[in-house]
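Below, each chain spelled out in residue letters.
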Amino acid sequence: MIRSMFNRRRVAALIAASGAAALGACDQIADDDKVARAVGSAEVLTRKAQRLILSPGQLAPEYKESEISRFFKPNGSTDPDSDAYVALRDAGFRDWKLEVAGLVEHPLSLSLDQLRALPSRTQITRHDCVEGWSCIGKWKGAKLGDLLARAKLKPQAKYIVFHCADSLGDAGDGSDDYYESIGLADAFHPQTILAYDMNDAPLEVPHGAPIRLRVERHLGYKQAKYVMKLEAVASLDHLHGGHGGYWEDRGYEWYGGI
Ligand SMILES: Nc1nc2c(c(=O)[nH]1)N[C@H]1C(S)=C(S)[C@@H](COP(=O)(O)O)O[C@H]1N2
Ligand SMILES: [Mo]
């Protein structure tokens, strides 16, 4: 029963998931109607079903160099226009710092060079957007678990929040700023990285420069771009709409697992 629920959602969200066929370019994998139904599916059951089938440390599939998409579709924000971001970008992110704050013993402020000096991981994975396309890309970045171990989470910390430099509307009051969040199992998962390289080159602006999250067992909207600040929190209730992410506040599941 649980297995069939799991399969139904998986099939609806990711028509091509089991095939793992080589994708030369971004492939259309699901039509909008199926995606809409998947987004409305029972999140709690999905999460339980996934736990039964996937062990907590299970890796997302990784691909060969030859399977990397020739074109990786940029989506959502592709060119943040806030004065602060534009100034950082125009200076080649020399003055950019990642803040690590909230429920940590040692708040950090790390330059790109310092982030590059941390333990890293490189992985070729498939990005699945709920809009119905997938692309395969190669990512290199700092292992989030190692970084959090340095900052040392306080015992009350339950979630890591990713605050981004962009907003998707023009409210101008911060209410449409992009943000995301993950639980600690995902934060310490070996494939969870703050990626600064994509396909062996520094991450470009359309894909989230200078760093973006890769949390590989999750859908595209969890892969926060333009990450400026990490915040360890005990609850998501007080942030923006209270559902743990920009799209979650607009109806998507918090646990965008695949
Ligand atoms: N900061 C930020 N992160 C974001 C988004 C965004 O609009 N802003 N869009 C999300 C969505 S829906 C997808 S599919 C991916 C797109 O990543 P890409 O531009 O590298 O393809 O980024 C995700 N992360
Ligand atoms: Mo997406």
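Quantities reported herein were computed from a predicted structural model and do not represent experimental measurements.

The rules behind each value
- Residues numbered from 1 in each chain as written.
- Chains lettered and ligands numbered in written order.
- Predicted model: local features only at pLDDT ≥ 70, side-chain atom pairs only at ≥ 80, totals over all residues.
- Heavy atoms only, no water.
- Buried < 20%, exposed > 50% of the residue type's maximum accessible area, 1.4 Å probe, protein only.
- Helix = DSSP H or I, 4+ residues; strand = E, 2+ residues; numbered from the N terminus.
- Pairing = 2+ DSSP bridges.
- Near = heavy atom within 4 Å.
- Polar contact = N/O pair within 3.5 Å; in protein donor to acceptor, adjacent residues only side chain to side chain.
- Areas by Shrake-Rupley, 256 points an atom, 1.4 Å probe, with all protein chains shown as cover.
- Arc of directions from axis to C-beta.
- Axes fitted to C-alpha atoms, helices over the stretch in contact; angles between N-to-C directions.
- Contact = heavy atoms within 4.5 Å.
- Salt bridge = Lys/Arg side-chain N within 4 Å of Asp/Glu carboxyl O.

Observations concerning the pairing of strand β11 (residues 227–233)
And then number 1: Among the seven residues that make up β11, five are buried, leaving the element largely enclosed by the rest of the structure.
And then number 2: Both strand β2 (residues 98–102) and β11 contribute to a ladder of four bridges, which runs parallel. The partner of Val100 across the bridge, within β11, is Leu230.
And then number 3: With six bridges connecting them, strand β6 (residues 159–167) and β11 associate as antiparallel partners. Residue pairing across strands places Val161 opposite Glu231, the latter belonging to β11.

Points about the site of ligand 1
And then number 1: Near ligand 1, the surroundings consist of 22 residues, among which Lys73, Asn75, Asp166, His207 and Lys225 are the closest.
And then number 2: Take Asp166: an N or O atom from its side chain is 2.7 Å from a nitrogen atom of ligand 1.
And then number 3: At a separation of 3.0 Å, a nitrogen atom of ligand 1 approaches a polar backbone atom of Gln223.
And then number 4: Protein chains shield 98% of the accessible area of ligand 1, which is 540 Å² for the free molecule.

Remarks on unusual backbone geometry
And then number 1: At the junction of Ala209 and Pro210, the peptide bond is cis and its omega measures out at 5° in the coordinates.
And then number 2: Within the fold, Pro210 resides in the loop between β9 (201–202) and β10 (212–214).
And then number 3: In this structure, Asp200 is a non-glycine residue whose phi angle is positive, near 70°.
And then number 4: Along the polypeptide, Asp200 turns up in the loop between β8 (193–198) and β9.
And then number 5: For Asp200, a relative accessible area of 60% corresponds to the exposed category.
And then number 6: Of note in the backbone geometry, His240 takes a positive phi value of approximately 45° without being a glycine.

Focus on helix α6 (residues 144–151)
And then number 1: Among all positions of α6, only Leu144, Gly145, Leu147, Leu148 and Ala151 are buried. In a view along the axis of α6, the buried residues occupy a sector of 160°, so they form one face of it. Seen from the buried face of α6, the exposed residues on the opposite side, beyond 90 degrees, are Ala149 and Arg150.

A word on the sheet that holds strand β7 (residues 177–183)
And then number 1: Here five strands make up an open sheet; going across it, the order is β3-β2-β11-β6-β7 and the pairing mixed. A single partner strand is all that each edge strand has here, and the edge strands are β3 (108–110) and β7. Across the sheet, the axes of successive neighbouring strands diverge by a mean angle of 20°, strand direction being ignored.
And then number 2: Set on the sheet, α6 makes contact with β2, β3, β6, β7 and β11; between it and β3 the angle comes to about 135°.

Some details on the pattern of salt bridges
For side chains of opposite charge, pairing can occur when their charged atoms come near one another.
And then number 1: Per the counting criterion, the structure on display carries 11 salt bridges.
And then number 2: Across the pair Asp90 and Arg89 runs a salt bridge, and its minimum N-O distance is 3.1 Å.
And then number 3: Overall, Arg89 belongs to the partly exposed group, its relative accessible area being 27%.
And then number 4: One salt bridge connects Asp200 with Lys138, and the closest N-O pair in it is separated by 3.1 Å. Of the two residues, Asp200 is situated in the loop between β8 and β9 and Lys138 in strand β5 (residues 133–143); the sequence distance between them amounts to 62 residues.
And then number 5: Note on Lys138: relative accessible area 11%, which makes it buried.
And then number 6: Salt bridges linked by common partners bring Glu65, Lys138 and Asp200 together as one network.

Honestly, that's just the spatial picture; any functional story needs more than this.
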